[in-house]
Amino acid sequence: MKKMIFGTGLLLSGVIGFAGLCIAAAQTVEAGSRSSVLGCLHGEDWIVLLVFAAMTIVGLVIAIRAIKEK
């Protein structure tokens, strides 16, 4: 049960962080100047975005393994 809560916490944190960073990056450019949200990311933003994506994947794997153990 503890592993499942930990996994779902990681999953939720990763998704919220990913979405939040994309929203923050989109707010730094003028409206209509970029055709996609990912086009607003520059340099080190990609590293942070990959960390959030990795958190999401690891959390999903931990949660699925915890569910299968029961």
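Our structure is the block above this text.
One structure accompanies this document, and this report is about it. (Residues numbered from 1 in each chain as written. Predicted model: local features only at pLDDT ≥ 70, side-chain atom pairs only at ≥ 80, totals over all residues. Heavy atoms only, no water.)

### What about the overall build of the protein?
The following threshold applies: For the purposes of this entry, the term helix denotes a DSSP run of H or I that reaches at least four residues, the term strand denotes a run of E that reaches at least two, and both are numbered from the N terminus. C-alpha atoms define the radius of gyration, and 2.2 Å times the number of residues to the power 0.38 defines the globule rule. Whether a residue is buried, partly exposed or exposed follows from its accessible area with a 1.4 Å probe, protein chains only, as a fraction of its type maximum: under 20%, in between, or over 50%, in that order. For every accessible area listed, the method is Shrake-Rupley and the probe measures 1.4 Å; residues are considered covered only by the protein chains on display. Positive charges come from Lys and Arg alone, negative charges from Asp and Glu alone, with His and the N- and C-terminal ends not counted. To locate a charge, take NZ of a lysine, CZ of an arginine, CG of an aspartate or CD of a glutamate.
A count of helical and extended segments in the protein gives two helices and zero strands. For a compact globule of 70 residues, the expected C-alpha radius of gyration is about 11 Å, and the protein comes in at 15 Å, more than 25% above that figure. Counting only C-alpha atoms and orienting by the principal axes, one finds that the protein spans roughly 50 × 20 × 15 Å. Sorting the 70 residues of the protein into buried and exposed places 20% on the buried side. Of the accessible surface of the protein, which amounts to about 5100 Å², a share of 71% is contributed by carbon and sulfur atoms. Within the protein, one finds 6 positive and 4 negative side-chain charges whose respective centroids are separated by 22 Å.

In short, geometric facts, not functional conclusions.
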